[in-house]
Amino acid sequence: MLWLGGGLLPRLRWVSPSLLQALGHSLEECKARDFVQRLVHPEDLDRVLEAWRRVIRTGGSSSVEFRAEATQGRLVHLSVELSAVESAADGGGELIGTVRVLVPAARPVFQSPSTTCPLLGETPEEVAQELTRSEREHVELTDTVDGIVWSTDARFRFTFVSKQAERLLGYSTQKWMQEPDFWVKHLHPEDQDWAPAFCMKAAMECRAHEFEYRMIAADGRVVWLRDIVTVISEDGVPRELRGIMVDITEHRRAREYLEHMVSLLRATLESTADGVVVVDQRRRVTAYNRRFLELWRMSDEFRKDWDGEKMLRYALTQVQHPEQFRERVLALRTAPEQESHDTIEMRDGRILERYSRPQRLGDTIIGRVWSYRDVTTERRAQAERERLLHEAEEAIRVRDDFLSIASHELKTPLTPLKLHLQVLRQRAVSGQPFPLQHVEKALAQVARLSGLINDLLDTSRIQAGRLELRHEPVPLQQLTREVLADLRPVSPHHTLEYEEPDETLTIQGDRGRLAQVLVNLLENAIKYSPMGGTIRLTVERYGGQALVSVTDRGIGIPSDQKAHLFERFFRARNAPISGFGGLGLGLYICRDIVEHHGGRIWVESEVGSGSTFRFTLPALEGAADAHALPGP
Ligand code: ADP
């Protein structure tokens, strides 16, 4: 006979029909809150309660005998073996009680002067009748239990097996009892060694025990059983084993499925490239993977006692924008149902993409899953692609600008050239003399055209790395004086000033190319000083370097444009083509020539105040002392 119950204040949840019959109570009565207290005789109640609570707390088993009040004031003497199904210190546990009505003749039931015990027959016939009835009932009741109720002798030979054995395993109860090693023989091969040894040891120690193992059913099925065993002993020697085997195959299958799912989830969690951490509603970390530790550069310290708060504090030290990070996390705490996706910049330059979504159990949100992905490489590649695209677009724009500027620049000298030639032809046809000024002007336009074409040719030579330079000693002052002499007649509105040191500075290089640099800088100074003014050319020595400077009082250069001035096709925004003309190639060529001579070129300028272009060249004599030079 069985009951199932639980709680620190004992309450029955289920009572087997046989026990109901023995007690004469209905199931509903038995389930009442104070039924156990009413059932047990007051003098035995403390012992029963103590055994009950011990089993619930410890998860073990315990047997206790007590007197119980059956219907019509009958007292019955019961022995119950309590075993925990589920223990819990807080009283939420469950237990199963295997109840036996003690044979009245073997042990006198509670005797009270005021109570007579109807179980005790007045006469031997009545006692015998009562015994037969009780035994029949006992067998009938055990057969209704949802488990195999059994008893064996001390050598594991079955002396009783309830009918459920046939239903569960398919062997007749006779077979169970007649085959001497029935139990051991029908155990699953993997349990055949340990299970009998375990049971035997517990029996020898007269210890109630409980274990799970497999038996092979008659049709070959594997049946998982949970066996709850009580050892009956005399003077410390085990005499009999009694127990109940409960079919837990479904339960085991569910457990195995669960274990399989957990292992699958763990493997998936570990194999993903994302770093994942799960935090519950009380900010406790409930799961994480190794990648998460790697991404956040967290040590194993994290495992010890880290919670959501500590993790947040740590994260704030790692990210570029801690305030923003904190606000996001706090905002999601107040909106647990929200999903989110954002990007985090780390202090060490990495970029992490963060996804976050609630963790649900059914409809209840029980936590939040955060997953992080390192997207640094993708983001950098994307930025690089955007930069290249921008550069390509810029190059196309520059090319288009250049084509329109170049066509304009090349066409400009052609119109006056054509006019002068037409005048000269007219004169020739009419036999008139040629005025020299037309010839000079025509030649000036031809010179302008050839200058433009030379710049274009030089640029493509530089691009191809084919700008060749001669290497000969060039007296610098001689060269600057010659260039100035050629330029003086060019602009009557400008005053050219010149200053040079007394000592002769000689450069090793290409005279023609160095002259080209000087002419370009001086022509620019004239061109970009449309109101006229003084242009000053100075030559100085700075240690082992010759320093040449060209200063004007012209339009100047916006400061953000200075860095690009020596690039190919670059024209500052304050020098519109309509007003100034030019292909934006002169300074590019100058820089290449100067650098090929081992020098440096730069500009100092302010918009509206004028510009000074300077370049250095290593002088042939004297020690190099570039540090003494002024610089940009
Ligand atoms: P460009 O043929 O257009 O003059 P350069 O390469 O010689 O080509 O000069 C590039 C740009 O630098 C010019 O378009 C102009 O904007 C600026 N620049 C050069 N020299 C001066 C200067 N002396 N004063 C102001 N701007 C200058």
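Residues numbered from 1 in each chain as written. Predicted model: local features only at pLDDT ≥ 70, side-chain atom pairs only at ≥ 80, totals over all residues. Heavy atoms only, no water.

Taking an unreviewed UniProt entry as the reference, the protein chain is identified by name as histidine kinase belonging to Cystobacter fuscus.

Some thoughts on the domain arrangement of the protein chain
Segmentation of the protein chain into domains returns domain 1 (2–101), domain 2 (131–253), domain 3 (272–374), domain 4 (390–462) and domain 5 (468–618). Taking the mean C-alpha position of each, domain 1 and domain 5 sit 110 Å from one another. (Domains from an automatic or database assignment.)

Some details on the UniProt feature "domain: PAC" (unreviewed entry) in the protein chain
UniProt records the feature "domain: PAC" (unreviewed entry) for residues 209–260 in the present numbering. The distance from the first to the last C-alpha atom of residues 209–260 is 29 Å, and the span holds 23% helix and 62% strand. (UniProt positions renumbered as here; feature names shortened; annotations may be inferred. Helix = DSSP H or I, 4+ residues; strand = E, 2+ residues; numbered from the N terminus.)

Notes on the site of the ligand
Residues in close proximity to the ligand total 22 residues, the closest being Asn 524, Tyr 528, Asp 552, Arg 571 and Leu 587. Contact distances for the ligand include 2.9 Å between a nitrogen atom and a side-chain N or O atom of Asp 552. Within the backbone of Leu 587, a nitrogen or oxygen atom sits 2.7 Å from an oxygen atom of the ligand. For the ligand, the protein covers 97% of the area, taking 520 Å² as the surface of the free molecule. The pocket occupied by the ligand, as judged from atoms lying within 2 Å of grid points, is the largest pocket. (Near = heavy atom within 4 Å. Polar contact = N/O pair within 3.5 Å; in protein donor to acceptor, adjacent residues only side chain to side chain. Areas by Shrake-Rupley, 256 points an atom, 1.4 Å probe, with all protein chains shown as cover. 1 Å grid on protein atoms, 1.4 Å probe; cavity = no way out; pocket = protein on both sides within 12 Å on 5 of 7 lines; lining within 4 Å. Sits in = over half its atoms within 2 Å of the grid points.)

A look at empty space enclosed by the protein
Going through the model one piece at a time under the given rule, you end up with one cavity of 30 Å³ or more. Quantified by volume, the largest cavity comes out at close to 80 Å³. Taken together, Trp 150, Thr 152, Phe 156, Phe 158, Trp 183, Cys 199, Phe 211, Tyr 213, Asp 227, Leu 241 and Met 245 make up the full set of residues lining the largest cavity. For the lining of the largest cavity, the elements supplying multiple residues, two or more each, are strand S6 (148–153), strand S8 (209–216) and strand S10 (237–247). Residues belonging to the lining of the largest cavity are distributed by class as follows: nine nonpolar, one polar and one charged. (Points joined across faces, edges and corners; volume = space filled by probe spheres on them. Nonpolar A, V, L, I, M, F, W, Y, C, P; charged D, E, K, R; others polar.)

What about helix H21 (residues 586–596)?
Among the eleven residues of H21, eight are classified as buried, and the element is accordingly described as predominantly covered. Among the residues making up H21, those that are buried are Gly 586, Leu 587, Tyr 588, Ile 589, Cys 590, Asp 592, Ile 593 and Val 594. Buried positions along H21 lie against helix H17 (436–463), helix H19 (511–527), strand S21 (601–606) and strand S22 (610–618). Where H21 terminates, the next one or two residues include Gly 598, which has phi positive at roughly 85°. (Buried < 20%, exposed > 50% of the residue type's maximum accessible area, 1.4 Å probe, protein only. Contact = heavy atoms within 4.5 Å.)

Description of the packing of aromatic side chains
Enumeration over the complete set of coordinates arrives at 18 aromatic pairs. Note on Phe 156 and Trp 183: the rings are 5.6 Å apart at their centroids and 80° apart in plane angle, and the pair reads as edge-to-face. With Phe 156 in the loop between S6 and strand S7 (158–161) and Trp 183 in helix H8 (residues 182–185), this pair connects stretches of sequence that are 27 residues apart. By the burial criterion, Phe 156 is buried, and Trp 183 matches it. A ring pair is formed by Phe 292 and Tyr 372, whose centres lie 6.1 Å apart and whose planes are at 40°; its orientation type is tilted. Taken as a pair, Phe 292 in helix H11 (residues 290–295) and Tyr 372 in strand S15 (residues 364–374) lie far apart in primary sequence, 80 residues in all. Assigned by exposure class, Phe 292 and Tyr 372 land together as buried. Taken together, the ring pairs in this structure connect Phe 156, Trp 183, Trp 194, Phe 198, Phe 211 and Tyr 213 into an aromatic cluster. In this structure, Arg 252 packs its charged tip against the face of Trp 224, placed 3.5 Å from the ring centre. (Phe/Tyr/Trp six-rings, centres within 6.5 Å; stacked < 30°, edge-to-face > 60°. Lys NZ or Arg CZ within 6 Å of the ring centre and 35° of its normal.)

Focus: the pairing of S6
Of all the six residues making up S6, five are buried; the element is thus mostly covered by neighbouring parts of the structure. Linking S6 to S7, which pair antiparallel, is a turn of four residues; within it Phe 156 sits at a positive phi near 65°. (Pairing = 2+ DSSP bridges.)

Focus on the pattern of salt bridges
For the structure on display, the rule yields 50 salt bridges. For Arg 379, the salt bridge identified is with Glu 353, shortest N-O distance 3.0 Å. Here Glu 353 lies in strand S14 (residues 351–361) and Arg 379 lies in helix H15 (residues 376–411), a separation of 26 residues in the sequence. Note on Arg 379: relative accessible area 27%, which makes it partly exposed. Here Glu 353 falls in the buried class, since its relative accessible area comes to 11%. As a salt-bridge pair, Arg 481 and Glu 500 come within 3.1 Å of each other at their nearest N and O atoms. (Salt bridge = Lys/Arg side-chain N within 4 Å of Asp/Glu carboxyl O.)

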